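As a plain string of letters, each chain reads:
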Amino acid sequence: MKILGIRTAPAQLRYAIIEIDNGTATLINGADEHLIKVPAGMNANADILAWQKDEVDRILRQNPDINKVILKTGEYGRSDTKSSRLGAHLDAIAILAAKQANIPVEEKTYSQIGTQRAKVKEHAENRVGRTSTHWNEQIADAIVAAWSCRGDS
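Residues numbered from 1 in each chain as written. Predicted model: local features only at pLDDT ≥ 70, side-chain atom pairs only at ≥ 80, totals over all residues. Heavy atoms only, no water.

**Student:** Tell me about the packing of helix 4 (residues 120–127) against helix 5 (residues 137–147), and name the residues and values.
**Tutor:** A pair of packed helices can be characterised by two numbers: the angle between their axes and the separation between those axes. Direction vectors running N to C along helix 4 and helix 5 enclose 50°, while the axes themselves pass 8 Å from each other. Comparing their axes, helix 5 and helix 4 come out oblique. At the point where helix 4 passes helix 5, the crossing takes the left-handed sense. Contact residues: helix 4 offers Val120, Lys121, His123, Ala124 and Arg127, while helix 5 offers Glu137, Ala140, Asp141, Ile143, Val144 and Trp147. (Axes fitted to C-alpha atoms, helices over the stretch in contact; angles between N-to-C directions. Helix = DSSP H or I, 4+ residues; strand = E, 2+ residues; numbered from the N terminus. Parallel < 35°, antiparallel > 145°, perpendicular 65-115°, else oblique. Left-handed = near helix turned anticlockwise from the far one by under 90°. Contact = heavy atoms within 4.5 Å.)

Set out below in structure tokens:
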């Protein structure tokens, strides 16, 4: 079973492709593309949303054997900001892309993936592995989100 874990952010898209075989999870794209930055000079939200939709569509086209998409969504907060609102819109775009590709999609928060922001890098590395470059909480979010559905196969 192949799972696509996604973590959106206003300036970048992070994704992890995890293969789960008999309960063992392997990071497929750890040494390949896993960070896609919003193009320089692209500032309008509508342009960023359209750009991300194209990128998620491309990832799904290039990986036709993806069985499920797991999206690590932003945590619930007390205040709404321009950044958090754009983040919610980006999450919606990723959900739309998966649905249009007829791939099951789920949204999960830290409590649902069994970790916390302060521990997500450690948990990702111990459970699946880490990327060879650009290692941060966002890619760890994508890895642990994908790993969290290992029992679904």
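**Student:** Tell me what's going on with unusual backbone geometry, and back it up with residues and numbers.
**Tutor:** A positive phi angle, close to 60°, is found at Asn102, a residue other than glycine. Relative to the helices and strands, Asn102 is located in the loop between helix 2 (82–100) and strand 6 (105–108). At His134, a position not held by glycine, the phi torsion is positive, near 55°. The topology assignment puts His134 in the loop between helix 4 and helix 5.

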